[in-house]
Amino acid sequence: MYIKIKNNNIGNFSKPYVIAEIGSNFNQSFDTAKKLINIAKKVGANAAKFQLFDANELYTKSHPLFKAFKKNELNKNWVKKLLKYTESINLDFFLSVFDIKSAELAYRAGVKHFKIASSEVTNLKLIHCLASFEKNIYLSTGMSDYFEIEKALHIISSRKKSISKVVIMHCSSLYPCFDKDVNLNVIDEYKKRYDLPVGFSDHTLGNMASILAVSKGVSFFEKHITLDKKSEGPDHFYALEP
């Protein structure tokens, strides 16, 4: 099984495809976001990725995490601009979405690659919504058991074509993830259970886990990037500098 990106068919044991996860590391600056996209291009990544969420959709204002998420929101008006800029330098544009409003906005903006974060694998309404778009879906499994993964895949496969547009993304939802907790052997199990390409969201502080994952046939890799690991913010300290 493979997934098509532009004119390339990418499956297990294909040439590695690297997604540079910018996340919230643009520090609420459009210019910094563009700099990070340029760095993704310069270092040889295939795609740049952001996260789109609305804190009001995720938490009540009294929730202890509300302020942190509100502070790190991506400006919705920037999605189409960032997409166009990314594609103008021949990079693919990826987006994690966490609620239906954000997903629909991204779809209208022309986003073709949607990441389902580990926290959202049981958000079945969101998965129904994304499956209806029939765009590429990258399903992260860091907080899931097999039953939850298979339920999500069943929903996606209910769309006639969507199941051929899914990548299973192995990860450990630890930030950072230490080498002893990576559990790359689960990749073999995913390949046995699901006739789908397998990817790896690498939250370790180095590259060794990704290098070893290549030997297991992984072709999609996601790695957080930053301009400066010492910057203030939730994702900088475990991201890679250029």
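Bear in mind the structure is a predicted one, so any value in this text is a computation, not a measurement.

I tried to follow the side chain of E120 on my own but got confused; where do I start?
Tracing the chain through its elements places E120 in the loop between strand 6 (113-116) and helix 6 (124-133). Buried within the structure, E120 lacks any salt-bridge partner; K115 is the closest side chain of opposite charge, at an N-O distance of 11 Å. A distance of 2.9 Å separates a polar atom in the side chain of E120 from a polar atom in the side chain of S119. Sequence-distant contacts of E120, defined by excluding residues within four places in its chain, comprise F98, L126 and I127.

Where do I start with a nonpolar patch on the surface in this structure?
There is a patch of nonpolar side chains on the surface, built from M208, I211 and L212 and spanning about 310 Å² of accessible area. Counting through the fold element by element, I211 comes out in helix 9 (residues 208-214). Its relative accessible area of 52% is what places I211 among the exposed residues.

What's the story with the nonpolar core in this structure? I'm lost.
Side chains of a nonpolar character, in soluble globular proteins, are inclined to be buried together. Core analysis: the biggest nonpolar cluster contains 57 residues, and F50, L74, L95, V97 and L130 have the highest contact counts within it. Per-element accounting of this core gives the leading share, 6 residues, to helix 6. In contact with L74, other than residues within four places in its own chain, are F26, F50, Q51, L52, V79, L82 and L95. Counting residues in hydrophobic clusters, the runner-up holds 11 residues, among them I3, I5, I10 and M169.

Parameters at a glance
Residues numbered from 1 in each chain as written. Predicted model: local features only at pLDDT ≥ 70, side-chain atom pairs only at ≥ 80, totals over all residues. Heavy atoms only, no water. Helix = DSSP H or I, 4+ residues; strand = E, 2+ residues; numbered from the N terminus. Buried < 20%, exposed > 50% of the residue type's maximum accessible area, 1.4 Å probe, protein only. Lys, Arg positive; Asp, Glu negative; His and termini not counted. Salt bridge = Lys/Arg side-chain N within 4 Å of Asp/Glu carboxyl O. Polar contact = N/O pair within 3.5 Å; in protein donor to acceptor, adjacent residues only side chain to side chain. Contact = heavy atoms within 4.5 Å. Patch = residues over 30% accessible without salt bridge, like charges linked within 9 Å, V, L, I, M, F, W, Y side chains within 5 Å. Areas by Shrake-Rupley, 256 points an atom, 1.4 Å probe, with all protein chains shown as cover. Core = buried A, V, L, I, M, F, W, Y, C linked by side-chain atoms within 4.5 Å.

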